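Below are the chains, spelled out letter by letter.
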Amino acid sequence: MLSKRIEKELNNQVNAEYWSAYFYLSMAAYFENKNLPGFTNWMKVQYQEEISHALKFFDYINERNGRVLLKPVDAVKTEWKDEIEVFDDTFKHEQKVTGLINNLVNIALEEKDHATHNMLQWYVSEQVEEESNVNEILQQLKMLEGNKHGLLMLDRELKQRMFVDETNQQ
Ligand code: OFO
């Protein structure tokens, strides 16, 4: 059984993951409008990943006989100056999410909830990957600034990304 405090915090994180999904889908719409299919694809995969993150929390709350309570998803940004600003926002957002996950780990420790602590370790590792992937693209974009040919090459590369549900892996 989950403590009320953990149940509430995990529900908050379900909402945060859905917000992330919505945020990245908004970025996909922005790229679609700029005729950059590879960037659009990358953001759609990112959206799918966030949905899978939300569902992992959803399933875990249910597994521990908690109650999932879905809350409204706040509005997200819809316009950006350029590709760099999008990935800068993405990187900052993932750093923020890492903070949220670390905070959940601290709460699980305070509540002496070892099962939740154990489940959260998947997210701890995932956040390392999320930050690193996003930062790599951000740095590439900064190097390319103003180079249209390079941007199209990167767009082609980002088209290759495919969604793989990794939430069941340790
Ligand atoms: Fe769910 O990892 Fe990104 O936000």
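Preceding block: the structure.
Read on for a plain summary of the structure. The structure displayed is predicted, hence computed values, not measured ones. (Residues numbered from 1 in each chain as written. Predicted model: local features only at pLDDT ≥ 70, side-chain atom pairs only at ≥ 80, totals over all residues. Heavy atoms only, no water.)

Before going further, it helps to examine the overall build of the protein chain. Counting its secondary structure elements, the protein chain contains five helices and zero strands. Each helix (α) and strand (β) of the protein chain, taken in turn from the N terminus, gives the series α-α-α-α-α. The C-alpha radius of gyration of the protein chain comes to 17 Å, within 12% of the 15 Å expected for a compact globule of 170 residues. The principal-axis extents of the C-alpha atoms in the protein chain amount to approximately 55 × 25 × 25 Å. Counting over 170 residues, the protein chain shows a buried share of 46%. When contacts within the protein chain are restricted to residue pairs at least 6 apart in sequence, long-range pairs at least 24 apart make up 82% of them. Entry remark: accessible area of the protein chain is about 9500 Å², with carbon and sulfur atoms responsible for 52%. Taken as two groups, the 19 positive and 29 negative side-chain charges of the protein chain have centres that lie 3 Å from each other. (Helix = DSSP H or I, 4+ residues; strand = E, 2+ residues; numbered from the N terminus. Rg over C-alpha atoms; globule rule 2.2 N^0.38 Å. Buried < 20%, exposed > 50% of the residue type's maximum accessible area, 1.4 Å probe, protein only. Contact = heavy atoms within 4.5 Å. Areas by Shrake-Rupley, 256 points an atom, 1.4 Å probe, with all protein chains shown as cover. Lys, Arg positive; Asp, Glu negative; His and termini not counted. Charge placed at Lys NZ, Arg CZ, Asp CG, Glu CD.)

Per the counting criterion, the structure on display carries ten salt bridges. Across the pair Lys 77 and Asp 89 runs a salt bridge, and its minimum N-O distance is 2.8 Å. Placement of the pair is Lys 77 in the loop between α2 (37-63) and α3 (83-110) and Asp 89 in helix α3, with a sequence separation of twelve residues. Close ionic contact of Lys 81 with Asp 82 constitutes a salt bridge, the shortest N to O distance being 3.6 Å. Each of Arg 5, Glu 110 and Glu 111 takes part in a single network of salt bridges with overlapping partners. (Salt bridge = Lys/Arg side-chain N within 4 Å of Asp/Glu carboxyl O.)

This next bit is on unusual backbone geometry. Within the chain, Asn 35 stands out as a residue other than glycine whose phi angle is a positive 55 degrees. Along the polypeptide, Asn 35 turns up in the loop between α1 (4-33) and α2.

As a packed pair, α2 and α3 sit with axes 14 Å apart at the nearest point and diverge in direction by 10 degrees. If you check the angle between α2 and α3, you find them roughly parallel. Pair α2 / α3 crosses with left-handed handedness. Every residue of α3 that contacts α2 at Phe 39, Trp 42, Met 43, Gln 46, Glu 50 and Phe 57 is listed here: Val 86, Phe 87, Thr 90, Glu 94, Ile 101 and Leu 104. Looking at side-chain class alone, the contact of α2 with α3 contains eight nonpolar, two polar and two charged residues. (Axes fitted to C-alpha atoms, helices over the stretch in contact; angles between N-to-C directions. Parallel < 35°, antiparallel > 145°, perpendicular 65-115°, else oblique. Left-handed = near helix turned anticlockwise from the far one by under 90°. Nonpolar A, V, L, I, M, F, W, Y, C, P; charged D, E, K, R; others polar.)

What follows is about α2. Its 27 residues place the ends of α2 39 Å apart at the C-alpha level, agreeing with the 39 Å of an ideal helix rising 1.5 Å per residue. Just downstream of α2 lies Asn 65, where phi reads positive at about 60 degrees. (Expected span 1.5 Å × (residues − 1).)

When two helices pack together, their arrangement is given by the angle between the helix axes and by the axis-to-axis distance. Relative orientation of the contacting elements α1 and α3 amounts to 170 degrees, with a least axis distance of 11 Å. One element, α1, and the other, α3, form an angle in the roughly antiparallel class. Taken together, the residues that form the contact of α1 with α3 break down as 17 nonpolar, four polar and seven charged.

Turning to empty space enclosed by the protein, a few remarks are in order. This structure, assessed with the given rule, holds one cavity of 30 Å³ or more. Quantified by volume, the largest cavity comes out at close to 50 Å³. Lining the largest cavity, in full, are Glu 49, Ser 52, His 53, Trp 122, Glu 126, Phe 163, Val 164, Glu 166 and Thr 167. Listed by contribution, the elements that provide at least two residues to the lining of the largest cavity are α2 and α4 (114-144). (1 Å grid on protein atoms, 1.4 Å probe; cavity = no way out; pocket = protein on both sides within 12 Å on 5 of 7 lines; lining within 4 Å. Points joined across faces, edges and corners; volume = space filled by probe spheres on them.)

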